[in-house]
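The primary structure of each chain is shown beneath.
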2 protein chains.
Amino acid sequence: MDNKNSISKIKEAIARSNEVLDALADLYKVFADATRVKILVALTQSEMCVGDISEFLEITQSAVSHQLRVLKTGGLVKSRRDGKTIVYSLADAHVRTMIDCGMQHLTE
Amino acid sequence: MDNKNSISKIKEAIARSNEVLDALADLYKVFADATRVKILVALTQSEMCVGDISEFLEITQSAVSHQLRVLKTGGLVKSRRDGKTIVYSLADAHVRTMIDCGMQHLTE
DNA sequence: ATAACATATGAACATTTATTCATATTTTCA
DNA sequence: TGAAAATATGAATAAATGTTCATATGTTAT
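Everything numeric here is computed off the predicted structure, so don't read it as measured data. (Residues numbered from 1 in each chain as written. Chains lettered and ligands numbered in written order. Predicted model: local features only at pLDDT ≥ 70, side-chain atom pairs only at ≥ 80, totals over all residues. Heavy atoms only, no water.)

Enquirer: With reference to specific residues and values, describe the overall build of chain A.
Expert: What chain A contains, in helices and strands, is six helices and three strands. Overall, chain A shows an N-to-C arrangement of helices and strands of α-α-α-β-α-α-β-β-α. Judged by the C-alpha coordinates and their principal axes, chain A covers about 65 × 30 × 25 Å. In chain A, buried positions account for 41% of the 108 residues. (Helix = DSSP H or I, 4+ residues; strand = E, 2+ residues; numbered from the N terminus. Buried < 20%, exposed > 50% of the residue type's maximum accessible area, 1.4 Å probe, protein only.)

Structure below.
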């Protein structure tokens, strides 16, 4: 059957891009947490240090620090030291695009 | 301080859109699994029944069914009955856009 | 009606994940 | 140098998640 044939073509295509699709899921995983999303959205407005984020999200400094590590490992934020504090900001413009893309889906 | 002031402005903005940001994280959650991503990408090529998906992903029919429910609850796929089988397809064009957006981030 | 087929569902289990607590590290300033 | 401040890290715990197994539901064809 023709349908059968095209399904197996798709199967091959998926198998070929298996690693990419795993990476794609991993990328979405980084966005898939309310705390991280709020951190990212906040960083679209201004760079911030850990203490500021902790304060305005009203969660412990440790929790923020752990989540920032996830975001940094995922390549979504970068950091620089400024005296005693460490200032976080979005890694690049793509992050903003990803958020906008999701928001657009929500608001249809 | 001016920085202090702008941080508290951002805090208010985040608090105001709290529910939206929770929903945004929930949306990303639906994409945040390799099995679901592969199902979605497959569906960008052609609508498919559960058995086809199960076969080409080489996972049990039950697992596929469970994941399709997550995708459907999340509003990413829709289904229609065709005789004995149930055919799944992408819910709308936004899904494709979300995937493209993620892919673009990966391939920079 | 009943057998066969396709899909859905619920319970159980293992794995992952987010947070907290305690503590380590690094920098500033007295 | 030593105390204080800001951040990072590791272990522990609770909650969420994905898969499998067994079984239920719904559809077709005999």
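Enquirer: With reference to specific residues and values, describe the nonpolar core.
Expert: Core analysis: the largest hydrophobic core is formed by 66 residues, its most contacted members being A:Tyr28, A:Phe31, A:Leu40, A:Leu76, B:Tyr28, B:Phe31 and B:Leu40. Once you skip the residues sitting within four places of it in the chain, A:Leu40 turns out to touch A:Phe31, A:Leu71, A:Leu76, A:Val77, A:Leu90, A:Val95 and A:Ile99. (Core = buried A, V, L, I, M, F, W, Y, C linked by side-chain atoms within 4.5 Å. Contact = heavy atoms within 4.5 Å.)

Enquirer: I'd like a description of the relation of the copies chain B and chain A, backed by residues and values.
Expert: If you rotate chain B by 180 degrees and push it 0.0 Å along the axis, it lands on chain A with an RMSD of 0.0 Å. Taken together, the rotation and translation relating the two chain copies correspond to the operation of a two-fold axis. If distances are taken from each C-alpha of chain B to the rotation axis, the shortest is found for B:Tyr28, at 2.8 Å. A share of 100% of the interface residues of chain B reappears at the interface of chain A, consistent with the copies meeting face to face through the same patch. (Least-squares fit on C-alpha atoms with pLDDT ≥ 70 in both.)

Enquirer: Go over helix α2 (residues 18-31) of chain B with me, naming the residues and quoting the values.
Expert: With 14 residues, α2(B) extends 21 Å from end C-alpha to end C-alpha; this agrees with the ideal 20 Å at 1.5 Å per step. Buried within α2(B) are the following residues: B:Leu21, B:Leu24, B:Ala25, B:Leu27, B:Tyr28, B:Val30 and B:Phe31. (Expected span 1.5 Å × (residues − 1).)

Enquirer: I'd like a description of the packing of aromatic side chains, backed by residues and values.
Expert: Tallying each qualifying case throughout the model produces two aromatic pairs over all chains. An angle of 40 degrees between the planes, with centres 5.0 Å apart, marks the rings of A:Tyr28 and B:Phe31 as tilted. Pair noted here: A:Tyr28 is in helix α2 (residues 18-31) and B:Phe31 is in helix α2, and the two residues belong to different chains. Neither A:Tyr28 nor B:Phe31 differs from the other in exposure class; each is buried. (Phe/Tyr/Trp six-rings, centres within 6.5 Å; stacked < 30°, edge-to-face > 60°.)

Enquirer: Residues and numbers for the protein's contact with DNA strand D, please.
Expert: Around DNA strand D, 24 residues are found, and the nearest of them are A:Ser62, A:Ser65, A:Tyr88, B:Ser62 and B:Gln67. When atoms of DNA strand D within 4 Å of the protein are sorted by moiety, sugar and phosphate together comprise 67%. A:Ser65 places a side-chain nitrogen or oxygen 2.7 Å from a phosphate oxygen of DNA strand D. At 2.6 Å from a base nitrogen of DNA strand D is found a side-chain nitrogen or oxygen belonging to B:Ser62. Listed by contribution, the elements that provide at least two residues to the surface near DNA strand D are α4 (50-57), α5 (61-73) and β3 (85-90) of chain A together with α3 (34-45) and α5 (61-73) of chain B. The biggest single contributor to the surface near DNA strand D is α5(A), with five residues. (Near = heavy atom within 4 Å. Polar contact = N/O pair within 3.5 Å; in protein donor to acceptor, adjacent residues only side chain to side chain.)

Enquirer: Explain the interface of chain B and chain A to me, and be specific about the residues and the numbers.
Expert: Listed by partner, the interface residues are 45 residues for chain B and 45 residues for chain A. Surface buried jointly by chain B and chain A totals about 4200 Å² across both partners, of which 75% is contributed by carbon and sulfur atoms. At the surface where chain B touches chain A, the tally comes to four salt bridges. The residue A:Lys11 makes a salt bridge to B:Glu58 at a minimum N-O spacing of 3.4 Å. Viewed at the interface, chain A and chain B are joined by eight residue pairs in polar contact (both at pLDDT 80 or more). For the side of chain B that touches chain A, the secondary-structure elements that each account for two or more residues are α1 (2-16), α2, α3, α4 (50-57) and α6 (93-106) of chain B. Partitioning the side of chain B that touches chain A into residue classes produces 25 nonpolar, nine polar and 11 charged. (Buried area = accessible area lost by both parts, 1.4 Å probe. Salt bridge = Lys/Arg side-chain N within 4 Å of Asp/Glu carboxyl O. Nonpolar A, V, L, I, M, F, W, Y, C, P; charged D, E, K, R; others polar.)

Enquirer: Could you give an account of the pairing of strand β2 (residues 77-82) of chain A, with specific residues and numbers?
Expert: The two faces of the sheet receive side chains in turn, since in a regular strand these alternate between them. Residues and elements named next belong to chain A. Where β2 meets β3, six bridges bridge the pair, whose relative direction is antiparallel. Of the residues in β3, the one forming a bridge with Arg80 is Val87. Between β2 and β3, which pair antiparallel in sequence order, lie two residues; one of them, Gly83, sits at a positive phi of approximately 70 degrees. (Pairing = 2+ DSSP bridges.)

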